[in-house]
Each structure stands twice: as structure tokens, then as C-alpha cells.
Amino acid sequence: EAQVTQNPRYLITVTGKKLTVTCSQNMNHEYMSWYRQDPGLGLRQIYYSMNVEVTDKGDVPEGYKVSRKEKRNFPLILESPSPNQTSLYFCASSPRDRRGSGANVLTFGAGSRLTVL
Amino acid sequence: DQQVKQNSPSLSVQEGRISILNCDYTNSMFDYFLWYKKYPAEGPTFLISISSIKDKNEDGRFTVFLNKSAKHLSLHIVPSQPGDSAVYFCAASANAGNNRKLIWGLGTSLAVNP
């Protein structure tokens, strides 16, 4: 089944304790992205990756890191989590847009709910 | 400031009737619009999209209408079914190079009552 898999689905942690949220897709998609969803703010992009070893900042990258060493994986790293990073996180992927730009249909993971105390 | 606005947080309709979900946007550079549906404990799933060169796109029970002059789009679901009960997100994008960044509305929670 074509899917985006995120882990963990739920996590409660404490301030400053490094954590990684993994994301893996089995559709051979070039493009991957991380979003966070917060009440009243909607979905906001954290980081994105056009392909292996190509990553860039989205709208709210502060406090996050990513890597794209393999095409299928795009982990989100919180080096020193803080309470304002308590949120619902979504990973998404899509194939390369033939036009090379513009929107494409994203496939989302089921989400990872993170609480930082 | 929200560039994509869904002014109705919730909507309730009877099974079999039409559901109309609305979305307004402010950025005239947006050229592609999408609707996603989200069930609890799941990620958003793509429903239907429309390019700015069109004013209507239809897929089965779902039709999206785009009024560029009013910067308004709507999603019509006919007939509505209980399984359509979900949160619906409107999203838009402009030609932004290689980043498929979507700007999202806050969602409308649709309840279809049997």
C-alpha cells in the first residue's frame, strides 16, 4: 500500500531532550515536506526537500532540523525541544511536478502528536 | 494574516442534501487550489483541485467552483453522505519555484446527519 509512515504517533517529552520524528514513504517520491498544525494557525510548513541531499526552510523552521540522506526517509529533528513546539506534525510527499514548480498533490502521513513539558 | 480563509468553522447538513463549503483568498498570485479532507487521527487526504485557468472541476459527487474576480472558491458535495463527515481544508499555492508550499485555511468541520 502506498503510504507515508510517521513515528512515533504520540510522544510526551521534556524540555531539552533531543528527539527525532521519522518519516518514510514507499512511493519513490522526490518531494517531501514537514508541516505542523496548531489551533487557529492551521498547517504551516517547517522544512521541505526536493530530493536526496536537497533541503530548505519553510515558514517556521526555527528549532528544527531535517536530513534527506535517502529518498524514502525525511526525519524531523528537534535538538532541544521547547514547550512551544508542542503540536501535531505531518509529513507529506509528492512526485516531482513535471512543470518543476507549483502545487502538486501531497500524500500525508497520519500525524505525530508531540507534547513538550 | 490569513491568506486563505474558511469563515465557517462548522457546517451541518442532512444526508442526501447538498453541502457547500466556502473558501476565500487574498493573494491574487495563487494559481492552483486544492481541497483536502481529514478524518480524526488521520492525515489530510486529497479530494479535488482546480487550476486558476478553470472555473469548475467535477469529480463524482464533488465539484469545485472558482470565482477569480471574487477570490472565492467553493466545494459542493451532492448528495451528502454520512461518510463525508470530516474536516475539509482549502489550500492554495502560487508559482513558487520548486517548493510545493501550500497555504492552508483553518478548515470547516462538516457533519452529515442521517
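Scroll up for the structure.
Overview of the structure. From a predicted model like this one, the values you see are computed outputs, not experimental measurements.

## Looking at the pattern of salt bridges
- Enumeration according to the criterion identifies 7 salt bridges over all chains in this entry.
- Close ionic contact of Glu79 of chain A with Lys18 of chain A constitutes a salt bridge, the shortest N to O distance being 4.0 Å. You can see Glu79 of chain A sitting in the loop between β8 (76-78) and β9 (87-94) and its partner Lys18 of chain A sitting in the loop between β2 (10-13) and β3 (19-25), a full 61 residues away along the chain.
- With relative accessibility at 51%, the residue Lys18 of chain A sits in the exposed group.
- The closest approach of N and O atoms between Arg61 of chain B and Asp84 of chain B, which form a salt bridge, is 2.8 Å.

## Considerations on the packing of aromatic side chains
- Per the counting criterion, the structure on display carries 13 aromatic pairs over all chains.
- Ring centres of Tyr25 of chain B and Phe33 of chain B lie 4.7 Å apart, and the angle between their planes is 40 degrees; this geometry places the pair in the tilted category. An identical accessibility class is assigned to Tyr25 of chain B and Phe33 of chain B; each is buried.
- Between Tyr36 of chain B and Phe46 of chain B, the ring centres sit 5.9 Å apart and the planes meet at 75 degrees, which makes this aromatic pair edge-to-face. Pair noted here: Tyr36 of chain B is in strand β4 (residues 30-38) and Phe46 of chain B is in strand β5 (residues 45-51), with a separation of 10 residues, a long-range link.
- When its relative accessible area of 0% is taken as the criterion, Tyr36 of chain B is described as buried.
- Connected via pairs of aromatic rings, a cluster forms that spans Tyr35, Phe90 and Phe108 of chain A together with Tyr36, Phe46, Phe89 and Trp104 of chain B.

## Describing the nonpolar core
Residue and element names in this part refer to chain B.
- Counting residues in each nonpolar core, the largest one holds 25 residues, and the members touching the most others are Phe30, Phe33, Trp35, Leu73, Leu75 and Tyr88.
- The set of elements that each furnish at least two residues to this core consists of β3 (19-25), β4, β5, β7 (62-67), β8 (72-77), β9 (86-94) and β11 (108-113).
- With 5 residues, β9 is the single largest residue contributor to this core.
- Among residues more than four places away in sequence, those in contact with Tyr88 are Gln6, Leu21, Trp35, Tyr36, Lys37, Leu47, Leu75, Ile77, Gly107, Thr108 and Leu110.

## So, the state of the cysteines
All names here are of chain B.
- Enumeration over the complete set of coordinates arrives at 2 disulfides over all chains.
- What pairs with Cys23 in a disulfide is Cys90, and their sulfur atoms sit 2.1 Å apart. Residues Cys23 and Cys90 are joined through a disulfide that is left-handed, its torsion about the S-S bond being -75 degrees. Placement of Cys23 in strand β3 and of Cys90 in strand β9 is noted, with a sequence separation of 67 residues between them. There is no split in this pair, since Cys23 and Cys90 are both buried.

## A few points about the sheet that holds strand β7 (residues 65-66) of chain A
Residue and element names in this part refer to chain A.
- Within the open sheet, the 4 strands sit side by side as β1-β3-β8-β7. Their pairing is antiparallel. Two strands bound the open sheet, and with one partner strand each, they are β1 (4-7) and β7.
- As paired strands, β7 and β8 are joined by 2 bridges and run antiparallel to one another. Opposite Lys65, over in β8, you have Ile77 as the bridge partner.

## Focus: the pairing of β8 of chain B
All names here are of chain B.
- β8 sits mainly inside the fold: 5 of its 6 residues count as buried.
- Two strands pair when backbone bridges link them, and β3 and β8 are joined in this way by 6 bridges, in the antiparallel orientation. Bridging from a neighbouring strand, Asp24 pairs with His72 of β8.
- Bridging between β7 and β8 involves 6 bridges; their strand directions are antiparallel. For Asn67, the partnering residue across the bridge sits in β8 and is His72.

Basis of the calculations
- Residues numbered from 1 in each chain as written.
- Chains lettered and ligands numbered in written order.
- Predicted model: local features only at pLDDT ≥ 70, side-chain atom pairs only at ≥ 80, totals over all residues.
- Heavy atoms only, no water.
- Salt bridge = Lys/Arg side-chain N within 4 Å of Asp/Glu carboxyl O.
- Helix = DSSP H or I, 4+ residues; strand = E, 2+ residues; numbered from the N terminus.
- Buried < 20%, exposed > 50% of the residue type's maximum accessible area, 1.4 Å probe, protein only.
- Phe/Tyr/Trp six-rings, centres within 6.5 Å; stacked < 30°, edge-to-face > 60°.
- Core = buried A, V, L, I, M, F, W, Y, C linked by side-chain atoms within 4.5 Å.
- Contact = heavy atoms within 4.5 Å.
- Disulfide = S-S within 2.5 Å.
- Pairing = 2+ DSSP bridges.

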